[in-house]
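Report on the structure
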Amino acid sequence: SSDDEGGEEYLFKIVIIGDSAVGKSNLLSRYARNEFNLHSKATIGVEFQTQSMEIDGKEVKAQIWDTAGQERFRAVTSAYYRGAVGALIVYDISRRTTFNSVDRWLEELKTHSDTTVARMLVGNKCDLENIRDVSVEEGKSLAEAEGLFFMETSALDSTNVKKAFEIVIREIYNNVS
Ligand code: GDP
Ligand code: MG
């Protein structure tokens, strides 16, 4: 934070990680622009988007980073993680393999972090209840075991998307203020 005419300002870097096609890019576009894309391609160009919220009468900006599809090659770079104080670790509730990968993503995050990171486990695509492959309980218990926040979301119908990001942003704010 830095002093300004209006008081303090906050800028937090948050990263979104998880296997390919779990809905990372759509979670970000839903949160930052209220947009969803049924046929989204691996992100090209956009590194991050900034979204503001107010906490205790202060403007808090989240700079939220999206991978450019590098996760397909298991080669998300350390630059991606550098300076991150928050993370959303995303899996797809309709694909168990993406849930099984969460441990690996947590390891990678830990390897690249040198500070406290507010972490949220996100089970995305909860609109796909009819083809659910991971139960809510499994998500919850993994989150509890690892000390993570947990939420199921749908970038498609907007369920809990804003909530998931805002819980992380509030936690970061609490950590630093
Ligand atoms: P990323 O590779 O993790 O960034 O995943 P994308 O955001 O590109 O999404 C991959 C595919 O899943 C796209 O076809 C999206 O339309 C779809 N998708 C993303 N989020 C949801 C969701 O919440 N529900 C459903 N049904 N599909 C989703
Ligand atoms: Mg993407």
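Residues numbered from 1 in each chain as written. Chains lettered and ligands numbered in written order. Predicted model: local features only at pLDDT ≥ 70, side-chain atom pairs only at ≥ 80, totals over all residues.

Quick look at the overall build of the protein chain now. Within the protein chain, the regular secondary structure consists of six helices and seven strands. Order of helices (α) and strands (β) in the protein chain, N terminus to C terminus: β-β-α-β-β-α-β-α-α-β-α-β-α. The C-alpha radius of gyration of the protein chain comes to 16 Å, within 12% of the 16 Å expected for a compact globule of 177 residues. Projected onto its principal axes, the C-alpha coordinates of the protein chain cover approximately 50 × 30 × 30 Å. Taken across its 177 residues, the protein chain has 40% of its residues classed as buried. (Helix = DSSP H or I, 4+ residues; strand = E, 2+ residues; numbered from the N terminus. Rg over C-alpha atoms; globule rule 2.2 N^0.38 Å. Buried ≥ 20, exposed ≤ 12 C-beta atoms within 10 Å, placed from the backbone.)

Bringing the nonpolar core into the picture now. In this structure, Ile14, Val15, Ile16, Leu88, Ile89 and Val168 are the most contacted members of the largest nonpolar core, which totals 46 residues. Ranked by residues supplied to this core, first place goes to helix 6 (residues 161–176) with seven residues. (Core = buried A, V, L, I, M, F, W, Y, C linked by C-beta atoms within 7 Å.)

Time to look at the site of ligand 1. Around ligand 1 lies a shell of 18 residues, among which Gly23, Lys24, Ser25, Asn26 and Leu156 are the nearest. Among the elements that line the shell around ligand 1, the one with the most residues is helix 1 (residues 24–33), at three residues. For the shell around ligand 1, the residue count by class is six nonpolar, nine polar and three charged. (Near = placed C-beta within 6 Å. Nonpolar A, V, L, I, M, F, W, Y, C, P; charged D, E, K, R; others polar.)

Considering every residue of the protein chain, the mean pLDDT works out to 91; 92% of them sit at 70 or more. Interface predicted TM-score (ipTM) for the complex: 0.99; the corresponding pTM is 0.93. (pLDDT = per-residue confidence, 0-100.)

Backbone geometry places asparagine 34, a non-glycine residue, at a positive phi of 55°. On the secondary structure map, asparagine 34 appears in the loop between helix 1 and strand 3 (48–55). By C-beta crowding, asparagine 34 is classed as exposed, having 10 other C-beta atoms within 10 Å. A positive phi angle, close to 50°, is found at aspartate 56, a residue other than glycine. In this structure, aspartate 56 sits in the loop between strand 3 and strand 4 (58–65).

In terms of burial, strand 6 (residues 118–124) is a largely internal element, seven of the seven residues being buried. Here strand 6 shows a buried face lined by Ala118, Met120, Val122 and Asn124 and a second buried face lined by Arg119, Leu121 and Gly123. Two strands pair when backbone bridges link them, and strand 5 (residues 86–92) and strand 6 are joined in this way by seven bridges, in the parallel orientation. Its bridge partner being in strand 6, alanine 87 is matched across the sheet by arginine 119. The pairing of strand 6 with strand 7 (residues 149–152) spans four bridges and is classified as parallel. By the bridge assignment, glycine 123 is partnered in strand 7 with glutamate 152. Crossover handedness for the path strand 6 to helix 5 (residues 136–146) to strand 7: right-handed. (Pairing = 2+ DSSP bridges. Right-handed = clockwise from strand over helix to strand, strands pointing away.)

We now examine the packing of helix 1 against helix 6. The angle between the axes and the distance between the axes are what describe a pair of packed helices. Running from N to C, helix 1 and helix 6 cross one another at 85°; their axes reach a closest spacing of 9 Å. As judged from the angle between their axes, helix 1 and helix 6 are roughly perpendicular. Residues Leu27, Arg30 and Tyr31 of helix 1 lie in contact with helix 6, whose contacting residues are Val161, Lys162 and Phe165. Partitioning the contact of helix 1 with helix 6 into residue classes produces four nonpolar, no polar and two charged. (Axes fitted to C-alpha atoms, helices over the stretch in contact; angles between N-to-C directions. Parallel < 35°, antiparallel > 145°, perpendicular 65-115°, else oblique. Contact = placed C-beta atoms within 7 Å.)

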